[in-house]
Amino acid sequence: NAGVTQTPKFRVLKTGQSMTLLCAQDMNHEYMYWYRQDPGMGLRLIHYSVGEGTTAKGEVPDGYNVSRLKKQNFLLGLESAAPSQTSVYFCASSYGYPDTQYFGPGTRLTVL
Amino acid sequence: GESVGLHLPTLSVQEGDNSIINCAYSNSASDYFIWYKQESGKGPQFIIDIRSNMDKRQGQRVTVLLNKTVKHLSLQIAATQPGDSAVYFCAENGPGGFKTIFGAGTRLFVKA
């Protein structure tokens, strides 16, 4: 099993550009999450999904959108990137809640 | 507000010694706690978990202790090895809907 994978691993954007981060899991997990990690801070939840076709806002949802069209995939979109969105983004999945979350390797995004 | 904090941002230990990483939580209703390890450039990895009906749980070289009276969680690593060098996060999960809170992390350095 590959577990949780994320693409791309690195990306540099200019302010105002858009992009989509892809997360895929092969563990048949119902729950999927997108976090951002900034220096000196804990992981902060952006959006999450409790099943195919569902999404919900987390702690810091502004400026991001998500979609879960297939159970194994969770997409994170930035419509108009801002320098404040420079961060490392992690996707995670879990069988249920509360439960162990399995994390992907992360995407390092820089917005200039 | 609710938070998960750490007593020490960095911890340096000699190889072969035991390590203790501490964590304070503020939500007395939290009922599930997890320790994660994050190596440089990687996503967090599950180490051990504990539910609120327990006060101690042991894994391979790791032990988690939960003191609900003072809302304190600790991770003990026996015979610390260079491969244990990483950032360690605690996370708390509360009832009544999705809410996982991650601490900022403690960086563990293992000196050879």
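Conventions used here
- The written sequence of each chain sets the order in which its residues are numbered from 1.
- Here the convention is simple: chains get letters from A, ligands get numbers from 1, in the order in which they are written.
- Reporting of local features is limited, given that this is a predicted model, to residues whose pLDDT is at least 70; pairs of side-chain atoms are given and counted only at 80 or more, and all residues count toward the totals for whole chains, interfaces and linings.
- Side-chain measures were taken over the full set of non-hydrogen atoms in the model, leaving aside hydrogen atoms and water.
- Exposure classes here rest on a 1.4 Å probe applied to the protein chains alone. A residue is buried below 20% of its type maximum, exposed above 50%, and partly exposed in between.
- The helix and strand labels rest on DSSP assignments: H or I over at least four residues marks a helix, E over at least two residues marks a strand, and numbering proceeds from the N terminus.
- Whether two strands pair depends on DSSP finding at least two bridges between them.
- What counts as a ring pair is set by centres within 6.5 Å for rings of Phe, Tyr and Trp (its six-membered ring), and what kind of pair is set by the plane angle: stacked under 30 degrees, edge-to-face over 60, tilted for all other angles.

So, the pairing of strand β5 (residues 44-49) of chain A
All names here are of chain A.
Phase 1 of the analysis: Across the 6 residues of β5, 5 count as buried, placing the element largely inside the fold.
Phase 2 of the analysis: Taking the residues that link successive antiparallel strands as the turn, the strand β4 (residues 31-37)-β5 hairpin has 6 residues, and the phi of G40 there is positive, at about 75 degrees.
Phase 3 of the analysis: Pairing of β5 with strand β6 (residues 56-57) involves 2 bridges; the strand directions are antiparallel. Within β6, the position partnered with Y48 by the bridge is A56.
Phase 4 of the analysis: Turn length for the β5-β6 hairpin, with the two strands adjacent in sequence and antiparallel, is 6 residues, and the turn residue G53 shows positive phi of about 85 degrees.

Considerations on the packing of aromatic side chains
Phase 1 of the analysis: On inspection of all chains with the given rule, the structure shows 9 aromatic pairs over all chains.
Phase 2 of the analysis: On the basis of an interplanar angle of 40 degrees and a centroid distance of 5.8 Å, the ring pair of A:Y35 and A:F103 is categorised as tilted. One end of the pair, A:Y35, is in strand β4; the other, A:F103, is in strand β10 (residues 102-103), and 68 residues separate them in sequence.
Phase 3 of the analysis: Residue classification places A:Y35 among the buried residues on the basis of a relative accessible area of 1%.
Phase 4 of the analysis: Look at A:F103 and you get buried, because its relative accessible area is 11%.
Phase 5 of the analysis: Grouped by ring-pair contacts, the aromatic residues A:Y31, A:Y33, A:Y35, A:F103, B:Y36 and B:F102 constitute a single cluster.

Geometry only, nothing functional implied.
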